[in-house]
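Coordinate analysis (summary)
What follows is the residue order along each chain.
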Amino acid sequence: QVQLVESGGGLAQPGGSLRLSCAASGSISSIASMNWYRQAPGKQRELVASIISNDNTIYADSMKGRFTISRGNAKNTVYLQMNSLRPEDTAVYYCKLVAAVTGSTVWRSYWGQGTQVTVSS
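The sections below set out a description of the structure shown in this document. All of these numbers come straight from a predicted model, not from anything done at the bench. Starting from 1, residues in each chain are numbered consecutively following that chain's sequence as written. Only residues with pLDDT of 70 or above have their local features reported here, since the model is predicted, and side-chain atom pairs are shown and tallied only from 80 upward, although totals for entire chains, interfaces and linings are computed over all residues. By convention in this description, side-chain values take in all heavy atoms of the structure and omit both hydrogens and water.

Only DSSP runs of H or I with at least four residues qualify as helices, and only runs of E with at least two residues qualify as strands; both kinds are numbered from the N terminus onward. Helix and strand content of the chain: 0 helices and 11 strands. We compute the radius of gyration over the C-alpha atoms and compare it with the globule rule, which gives 2.2 Å times the number of residues raised to the power 0.38. Here the chain has a C-alpha radius of gyration of 14 Å; the compact-globule value for 121 residues is 14 Å, and the two agree. Within the chain, contacts between residues separated by at least 24 positions form 56% of all contacts whose residues are at least 6 apart in sequence. Summed over all atoms, the accessible surface of the chain reaches about 6,400 Å², with 46% contributed by carbon and sulfur. Looking at charge distribution, the chain has the averaged site of its 11 positive side-chain charges lying 5 Å from that of its 6 negative ones. Throughout, a contact is declared for two residues whenever any of their heavy atoms are within 4.5 Å. For accessible areas, the Shrake-Rupley method is used with a probe of radius 1.4 Å. Any residue's cover is judged against the shown protein chains and nothing else. All tallies of charge rest on Lys and Arg as positive and Asp and Glu as negative; His and the ends of each chain are not included. Taken as the charge centre is NZ of Lys, CZ of Arg, CG of Asp or CD of Glu, depending on the residue.

Below, the discussion takes up the pairing of strand E1 (residues 2–7). Accessible area is worked out with a 1.4 Å probe on protein chains only. A residue is then buried under 20% of its type maximum, exposed over 50%, and partly exposed in between. The side-chain alternation of E1 yields one buried face, formed by Val 2, Leu 4 and Glu 6, and one unburied face, formed by Gln 3, Val 5 and Ser 7. Two strands qualify as a pair provided DSSP detects at least 2 bridges between them. Of the strand pairs in this sheet, E1 and strand E3 (residues 18–26) are connected by 6 bridges, and their pairing is antiparallel. Bridging across to E3, Leu 4 finds its partner in Ala 24.

Within this document, salt bridges are pairs made up of a side-chain nitrogen of Lys or Arg and a carboxyl oxygen of Asp or Glu, the two lying within 4 Å of each other. All told, the structure shown has 5 salt bridges when counted by the stated rule. Glu 46 is paired through a salt bridge with Arg 38; the nearest N and O atoms lie 2.7 Å apart. Take Glu 46: its relative accessible area is 35%, and that puts it in the partly exposed class. One network of salt bridges, in which partners are shared, links Arg 38, Glu 46, Arg 66 and Asp 89.

Looking at where Asn 35 falls in the secondary structure, it is placed in strand E4 (residues 28–39). Here Asn 35 falls in the buried class, since its relative accessible area comes to 5%. Ignoring any residue separated from it by four or fewer positions in sequence, one finds Asn 35 in contact with Leu 47, Ala 49, Ser 50, Tyr 94, Cys 95, Lys 96 and Val 98.

Here the focus is the sheet that holds E3. Pairing is antiparallel across the open sheet formed by 4 strands, whose spatial order is E1-E3-E8-E7. The sheet is open, and its two edges are formed by E1 and strand E7 (67–71), each paired on a single side. Across the sheet, the axes of successive neighbouring strands diverge by a mean angle of 15°, strand direction being ignored. Strand direction decides the pairing type here: E3 and strand E8 (residues 77–82), joined by 6 bridges, are antiparallel. Each residue of the ladder has a partner; that of Leu 18, found in E8, is Met 82. Fitting a line to C-alpha atoms yields each axis, with helices limited to the stretch in contact; the angle taken between N-to-C directions then spans 0 to 180 degrees.

To continue, consider the nonpolar core. Core analysis: the largest hydrophobic core is formed by 30 residues, its most contacted members being Trp 36, Leu 80, Met 82, Tyr 93 and Leu 97. Those elements giving two or more residues to this core turn out to be E1, E3, E4, strand E5 (46–52), E7, E8, strand E9 (91–101) and strand E11 (115–119). Sorting elements by how many residues they give to this core places E9 first, with 5 residues. Sequence-distant contacts of Leu 80, that is, excluding residues within four places in its chain, are made with Leu 18, Arg 19, Leu 20, Trp 36, Val 48, Ala 49, Phe 67, Thr 68, Ile 69 and Tyr 93. Think of a nonpolar core as a cluster: buried Ala, Val, Leu, Ile, Met, Phe, Trp, Tyr and Cys residues, connected wherever their side-chain atoms sit within 4.5 Å.

All quantities given are derived from atomic positions and should not be read as evidence of function.
As structure tokens, this is what we get:
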């Protein structure tokens with residue numbers, strides 16, 4: 001079993017910052033990517049940022065220059081540093097891991113439970 005635990009959400013003022021964390025645990029043998037998605041009320045879930053196995057990063061256009069995705073030293077942890085927050089960044093943020101577990105060559109996606117980020121004055 002693979003579990004993802006997210007933390008760091010909360011309330012921020014416009015222009016403020018928050019840092020999200022996601023820690024993966026379980027019988028993980030290989031990680032293809034670690035990703036952050038978000039879903040605002042009434043909208044589809046959208047990709048925020050990804051970091052892939054060679055530590056290359058990908059960002060949605062509206063997050064470039066404001067958000068930074070990074071991995072921890074243990075490689076099973078991913079962070080999302082969010083700066084210059086806007087009210088439209090309000091959403092539930094989800095961590096997604098694409099990985100293979102021990103004894104398997106199949107890549108699967110695993111999701112965290114989500115953490116609420118609210119940007120409001």
